[in-house]
Amino acid sequence: MRGTSMRTTAATGAQDQTTAPPEVGCVVGLEDVHVRLGERDVLRGITVDLTERRIGIVGANGSGKSTLARLLNGLVLPTRGTVRVDGLDTRRSGGQVRRRVGFVFSDPDAQIVMPTVAEDVAYSLRRGEHDRPARDRLVTDWLARHGLDGHADHPAHLLSGGQKQLLALTSVLVTSPRLVVADEPTTLLDLRNTRRVAALLAEIPQQVVLVSHDLDLMAGYDRVLVIDDGQVVADDEPAPAIAYYRRLLDERP
Amino acid sequence: MTGAPTTTPHRATSHAAGAYVVGRSLLHRAPAGPKLAALMLCSLALLLVRSPAGVGTATLVVTGLYALAGLGPRAAWGQVRPLRMFLPVVFALQWWLMDLTSAAVLSTRLVVLVALAGLVTCTTRVSDLLAAIERGLSPLARVGVDVERIALVLALALRSVPVIADLAGRVRDAQRARGRERDVRAFAVPLVVGSMRQADALGEALRARGFDD
């Protein structure tokens with residue numbers, strides 16, 4: 001199934017992609033990663049290095065793309081093989097990895113932990129690295145950047161869907177991660193809010209790995225991986241990778 | 001990334017029970033710890049009040065405190081509203097078992113107690129409340145109690161109320177759409193499954209945000 005123009009996902013091919021670590025971002029390396037959940041092989045032998053600033057992951061429902069995203073910050077551990085972020089094994093150094101890798105889920109309601117907007121952002125900063133006034137200043141500053149400053153003391157559940165996702169993103173960005181992994185962050189949003197979230201993901205300085213069904217979001221990306229049946233079946237620039245994905249879907253009954 | 005945020009088409013109101021209402025009154029500015037301690041003492045004292053005059057005075061005092069906090073009747077109603085299903089039953093039972101005066105005193109006492117607790121949560125940010133609870137429980141840390149975890153559980157419980165209420169609303173809508181309004185199972189099963197799913201997702205999000213690392 002793999003197109004001739006596609007980068008191969010074999011170890012040798014993946015190494016061609018390895019470049020010096022960028023200033024903001026991580027070097028993520030997956031080596032022969034298998035994930036088995038219950039009776040199902042969700043991922044089957046993935047070897048890939050991720051160093052580009054903007055990486056998209058596409059695939060049908062159940063293809064394993066969300067599991068792949070969760071491997072990157074150690075939420076899911078490989079059954080076999082290793083995942084390294086800047087050389088840190090997610091199995092042994094999960095905490096350190098999660099400090100580098102922020103994660104945005106599709107349902108912001110599941111991600112917002114505290115009752116009010118400002119409190120949720122402050123929750124991300126709770127580790128005692130900031131005193132109270134510094135923390136309050138940071139929270140106010142970040143809420144203002146994303147147009148949420150008028151809602152600081154509002155209950156999070158009163159925000160619109162788009163505002164909730166912006167809040168979830170703010171709560172991730174306030175910790176200054178080096179890599180942001182977003183798992184279908186626009187699935188529950190209307191077109192306007194999808195554009196807002198996409199624009200935000202496009203302009204942040206962090207490295208971004210975006211899992212999405214919305215292929216338009218990946219137009220300006222550096223690299224797109226197509227996942228099918230637990231394997232990377234295409235790995236290229238957006239246009240050829242997405243064309244490959246469309247063909248793949250067309251061939252299915 | 002700025003721009004005027006859109007308004008929200010939501011079921012819940014900002015006067016939902018237990019939700020902080022922004023303000024700068026004396027009660028808003030009072031520290032959370034003493035407010036919680038005062039709430040505890042007043043609640044205990046209220047349990048000893050058995051005369052109609054005493055309960056009447058307590059009602060007046062609490063009404064005065066709401067006015068002091070700049071909270072109107074709508075906010076006050078928001079706090080005691082959850083009692084509306086349950087209070088008539090208590091009232092009827094008391095009237096039947098004792099007498100009308102006792103029933104009225106007991107029911108009013110209950111409303112005053114809930115209103116007082118609501119007043120504290122209306123005028124105190126949850127983070128301040130949790131910090132006060134954490135400080136209050138901190139001696140227990142010496143005997144191995146994870147105080148931070150207890151505070152987080154309380155925060156999550158508060159956060160989950162509107163989320164589960166919203167889920168219940170959606171399940172009820174779906175039931176109505178299929179003409180199964182009276183089927184208890186058709187309501188309970190999706191609600192429980194949905195809540196479990198929500199809890200799983202929340203656990204995953206907590207891990208992603210570095211809790212337990």
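Bear in mind the structure is a predicted one, so any value in this text is a computation, not a measurement.

S.K.: What am I meant to see in unusual backbone geometry here?
M.R.: A negative phi holds for most residues other than glycine; trans holds for most peptide bonds. All names here are of chain A. Unlike most non-glycine residues, Ser-176 shows phi in positive territory, near 50°. By secondary structure assignment, the location of Ser-176 is in the loop between helix H7 (161-173) and strand S7 (179-183). Despite not being glycine, Asp-229 shows a phi value in the positive range, around 50°. Looking at the secondary structure, you find Asp-229 in the loop between strand S9 (223-228) and strand S10 (231-236). By the C-beta count within 10 Å, which is 15 here, Asp-229 ends up partly exposed.

S.K.: What should I look at first to understand the packing of helix H2 (residues 32-48) of chain B against helix H6 (residues 100-122) of chain B in this one?
M.R.: Each pair of packed helices can be summarised by the angle the axes make with each other and by the distance between the axes. Residue and element names in this part refer to chain B. As a packed pair, H2 and H6 sit with axes 10 Å apart at the nearest point and diverge in direction by 175°. Taken together, the axis directions place H2 and H6 in an arrangement best described as roughly antiparallel. Contacts between H2 and H6 pair Lys-35, Leu-36, Leu-39, Cys-42, Ser-43 and Leu-46 from the former with Arg-109, Val-112, Leu-113, Leu-116, Ala-117 and Val-120 from the latter. A class-by-class count of the residues in the contact of H2 with H6 yields 9 nonpolar, 1 polar and 2 charged.

S.K.: I'm lost on the domain arrangement of chain B in this one. Help?
M.R.: How large an interface is tends to be reported as the accessible area lost when its parts come together. Residues and elements named next belong to chain B. Under the domain assignment used here, chain B contains domain 1 (26-124) and domain 2 (129-208). Of note, the centres of domain 1 and domain 2, computed from C-alpha atoms alone, are 26 Å apart. Taken residue by residue, the interface counts 4 residues in domain 1 and 5 residues in domain 2.

So, how was this worked out
Residues numbered from 1 in each chain as written. Chains lettered and ligands numbered in written order. Predicted model: local features only at pLDDT ≥ 70, side-chain atom pairs only at ≥ 80, totals over all residues. Helix = DSSP H or I, 4+ residues; strand = E, 2+ residues; numbered from the N terminus. Buried ≥ 20, exposed ≤ 12 C-beta atoms within 10 Å, placed from the backbone. Axes fitted to C-alpha atoms, helices over the stretch in contact; angles between N-to-C directions. Parallel < 35°, antiparallel > 145°, perpendicular 65-115°, else oblique. Contact = placed C-beta atoms within 7 Å. Nonpolar A, V, L, I, M, F, W, Y, C, P; charged D, E, K, R; others polar. Domains from an automatic or database assignment.

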